Amino acid sequence: MGKLEQAGGRPEARERYRAGVMKYAQMGYWDAGYVPKDTDLIALFRITPQEGVDPEEAAAAVAGESSTATWTVVWTDRLTACERYRAKAYRVDPVPGAAGQYFAYIAYDLALFEPGSIANLTASIIGNVFGFKPLKALRLEDMRLPVAYVKTFDGPPTGIVVERERLDKFGRPLLGATVKPKLGLSGKNYGRVVYEALKGGLDFTKDDENINSQPFMHWRDRFLYCMEAVNRAQAATGEVKGTYLNVTAGTMEDMYERAELAKELGSCVVMIDLVIGYTAIQSMSKWARRNDMILHLHRAGHSTYTRQKTHGVSFRVISKWMRLAGVDHIHAGTVVGKLEGDPNSVQGFYNVLREDHNAVDLQRGLFFEQDWGGLRKVMPVASGGIHAGQMHQLLHYLGEDVVLQFGGGTIGHPMGIAAGATANRVALEAMVLARNEGRDIWNEGPRILEQAARHCTPLKQALDTWKDVTFDYASTDTPDFVPTATAA
Amino acid sequence: MRITQGTFSFLPDLTDAQIRAQIEYCLGRGWAVSVEYTDDPHPRNAYWEMYGMPMFDLKDAAGVMAEVDACRKTFPDHYVKVNAFDATLGWESLRLSFIVNRPKKEPGFGLLREEGAGRTQRYSVRAYATERPEGERYT
C-alpha cells in the first residue's frame with residue numbers, strides 16, 4: 001500500500017481495485033471535502049477507536065461497514081456506480097471533555113434506502129457496524145433525515161392535534177396512570193382500577209408493558225372489563241376516556257386479533273411495546289390509521305441500548321425513527337421521576353417528537369436541523385415515579401403537550417384510586433390556570449398547590465404523603481457540547 | 001354530577017376576574033377567542049352552537065368578556081364555553097377550551113348496553129336531559 005500512501009490522495013482505479021486489503025479511508029469512505037447534499041441522510045456517530053486507529057480511518061470504517069464495504073477489496077464494486085453508494089465520512093470532531101472519543105459525521109445517498117422502511121434504514125445504519133473490532137465502542141447520536149425521505153413515511157396515524165380534537169381536551173397535559181400491580185390482577189379487579197382512576201379525573205389508564213395474556217388474566221377478559229370501566233367513567237363524567245389496551249403478542253396475527261376486539265368494543269386507543277420490532281410497529285401504525293385508533297408505544301427495552309453514552313443508539317434517534325414509523329404516544333422521560341432523564345436530553349427528545357421543524361440545539365443534543373415535512377406530531381408520555389407535588393416542575397420542563405402518567409401517584413393515594421386521580425387533576429388544572437395568569441410556577445409552585453389543596457382534600461393528602469419524594473441521581477446520558485459552539 | 005369537560009372543570013367555578021385573565025392570556029398569544037353554548041353536553045358532541053363568529057380581530061379582553069356575559073345572559077341554563085383558536089401552521093385548532101356557565105342541576109348521563117356475542121357489549125352514553133327537545137332541557 002506504500003505506493004498509494006505516497007500518492008497522498010485517491011488511488012487510481014487500477015490500484016484501488018487490486019485484490020487485497022486497503023484502508024477504508026483510501027477506499028473512498030473518507031472525504032473531508034464532501035459537502036452533503038440536501039437529499040443525503042446524515043448520521044452522527046460517537047466513535048471510540050481502538051488504540052492506534054486514527055479517528056478519520058475509524059470514521060471511514062464506520063461509513064464503509066454501514067454502506068458498501070467489506071473487509072477486503074472486491075472487484076464487483078466496478079459493476080456499480082459505487083462512488084454513489086459509498087457512505088462518506090466527512091468530518092470528525094473530538095468530543096468535548098471525553099478523551100479518545102470523536103463525533104463522526106457520515107453522509108449516505110438517498111438511493112441506499114428503501115422508501116418507508118425503518119427496518120431497511122436500521123439494517124443499513126446499525127446493522128453490522130456496532131460489533132466492528134477496530135472500535136472499542138460506537139454510538140449513533142443523531143440523524144438528519146432528508147425531507148424527501150421523511151415523505152416516504154406515513155407518520156403518526158393521529159398526532160397531537162387530532163388526538164386533542166377527538167378527546168376534546170385542550171390547554172393542559174393529559175393525565176394517565178399505569179394499572180398496578182403490574183402482574184397478578186384478575187380482569188375484574190384490573191377493571192376496577194381503570195374505573196376508579198378514570199372516574200376520579202384521569203384521561204387515560206394504561207396496561208403495563210408486560211401485561212399481555214397471562215394465566216392470571218387473559219387478554220379478552222382484560223379488554224372486556226376495561227371497556228366496561230371506560231364507558232362507565234365516560235357516563236359518570238361526561239368526558240371522553242381511554243385505556244391503552246396492550247395488543248403486544250407473539251405474532252402479528254395475534255396482535256391484529258386483539259386490536260380488532262379493542263376496536264369492536266369502542267376503544268379509542270391501543271398499545272404496543274417497542275420490543276415487537278420496527279416492522280411490527282409500522283404494521284400496527286397502518287392498522288391504527290385504517291381504524292382511527294390512537295397508537296400508544298411503550299419503549300420497553302430501550303435502555304439496553306440508549307442509556308450508555310459511548311455505545312448504542314441515542315433515544316433521540318429512536319424518537320425520530322418512531323415519528324417516521326408512526327406512533328401517536330411514546331414514553332420519552334420525565335426529568336424528575338425515577339427513570340434516567342437529563343433535562344436537556346429529555347427536552348431534545350420532546351422537541352424531536354413535537355416540533356414541525358427542529359433547529360440545531362447542541363445543548364439538547366440536536367446536531368442537525370430537521371424538517372419534518374408536515375408529518376404529524378407524537379405526544380410524549382412522562383411516566384415513572386412522578387406525583388402531584390411535582391406538577392409545577394413537570395409543566396415547566398415538559399410543557400403542555402404531554403401525557404403525565406402517575407401510576408403509584410394515583411393508585412397509592414391513602415384515600416383510594418379515585419381520590420388519587422382527583423388530586424392529580426386538580427393539581428394540574430390549578431397549575432395551568434396559574435401559569436396562564438402569568439404566575440411564576442417554578443418558584444410559586446408549592447404555594448399554588450397548597451392553595452388548590454384548600455378546596456381539595458385528596459390533593460392535600462397527596463401532598464402530605466409524597467412531599468419529600470425525589471429521585472435525585474446524576475444522569476448517565478447527557479449531551480456533550482461546548483456552550484459556545486456554533487451551529488454546524 | 002358535574003360534567004368535567006373543559007380545561008378547568010375540576011376547579012371551583014372561575015370568577016369573572018379569572019375568566020378574564022385566561023382570555024388575556026389567549027389574546028396575548030394571538031389566538032382568536034370564541035363563545036359556544038349547548039344543552040346537549042354529550043362527550044362526542046363536537047358542535048356546540050356558536051355564539052357569533054370567533055373574534056379574530058378583537059384584541060380587547062373587556063370586549064370578549066362582554067360577549068361571554070351576553071351569551072350567559074341569553075342562555076343561563078345552558079353550558080357555555082370559551083374557546084381559543086390558534087391558526088398557526090401545524091396546529092390550526094383549539095389551544096384552550098373551558099366552561100364558564102353550566103345548568104344549576106346537571107342530571108348526567110345514563111349508560112345503555114346492548115349484549116353481543118362472546119360477552120361483548122355495545123355501549124351508548126345518553127344525557128338524561130336530551131330526552132327532552134332542544135331548548136326545553138335543564139329548565
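Thresholds, definitions, all that
Residues numbered from 1 in each chain as written. Chains lettered and ligands numbered in written order. Predicted model: local features only at pLDDT ≥ 70, side-chain atom pairs only at ≥ 80, totals over all residues. Heavy atoms only, no water. pLDDT = per-residue confidence, 0-100. Pairing = 2+ DSSP bridges. Helix = DSSP H or I, 4+ residues; strand = E, 2+ residues; numbered from the N terminus. Contact = heavy atoms within 4.5 Å. Axes fitted to C-alpha atoms, helices over the stretch in contact; angles between N-to-C directions. Buried < 20%, exposed > 50% of the residue type's maximum accessible area, 1.4 Å probe, protein only. Right-handed = clockwise from strand over helix to strand, strands pointing away.

### A closer look at the confidence of the model for chain B
On average, residues of chain B score 96 in pLDDT, and 100% of them reach the 70 mark or higher. The ipTM for the predicted assembly is 0.97, set against a pTM of 0.95.

### Here we look at the sheet that holds strand 3 (residues 102-108) of chain A
Within a sheet, adjacent strands bond to each other through the backbone by hydrogen bonds, running parallel or antiparallel. Residues and elements named next belong to chain A. The mixed open sheet is built from five strands, whose spatial order is 2-3-1-4-10. In this open sheet, the two edge strands, each paired with only one partner strand, are strand 2 (88-94) and strand 10 (312-313). The pairing of strand 1 (residues 41-49) with strand 4 (residues 135-144) spans eight bridges and is classified as antiparallel. Bridged to alanine 43 within strand 4 is methionine 143. Along the sheet, helix 6 (residues 118-125) makes contact with strand 1, strand 3 and strand 4, crossing strand 1 at roughly 35 degrees. Set on the sheet, helix 14 (residues 315-325) makes contact with strand 4 and strand 10; between it and strand 4 the angle comes to about 45 degrees.

### Considering the pairing of strand 7 (residues 242-246) of chain A
All names here are of chain A. With five of five residues buried, strand 7 is to be regarded as a mostly interior element. Burial along strand 7 is two-sided: the face carrying Gly242, Tyr244 and Asn246 and the face carrying Thr243 and Leu245 are both buried. As judged from the three bridges shared by strand 6 (residues 204-206) and strand 7, these two strands associate in the parallel manner. Counterpart to lysine 206 in the pairing with strand 7 is tyrosine 244. Summarising the sheet, strand 7 and strand 8 (residues 269-273) pair through two bridges and their orientation is parallel. Directly across from asparagine 246, in strand 8, lies its bridge partner methionine 271. As a crossover connection, the stretch from strand 7 through helix 11 (residues 252-264) into strand 8 is right-handed.

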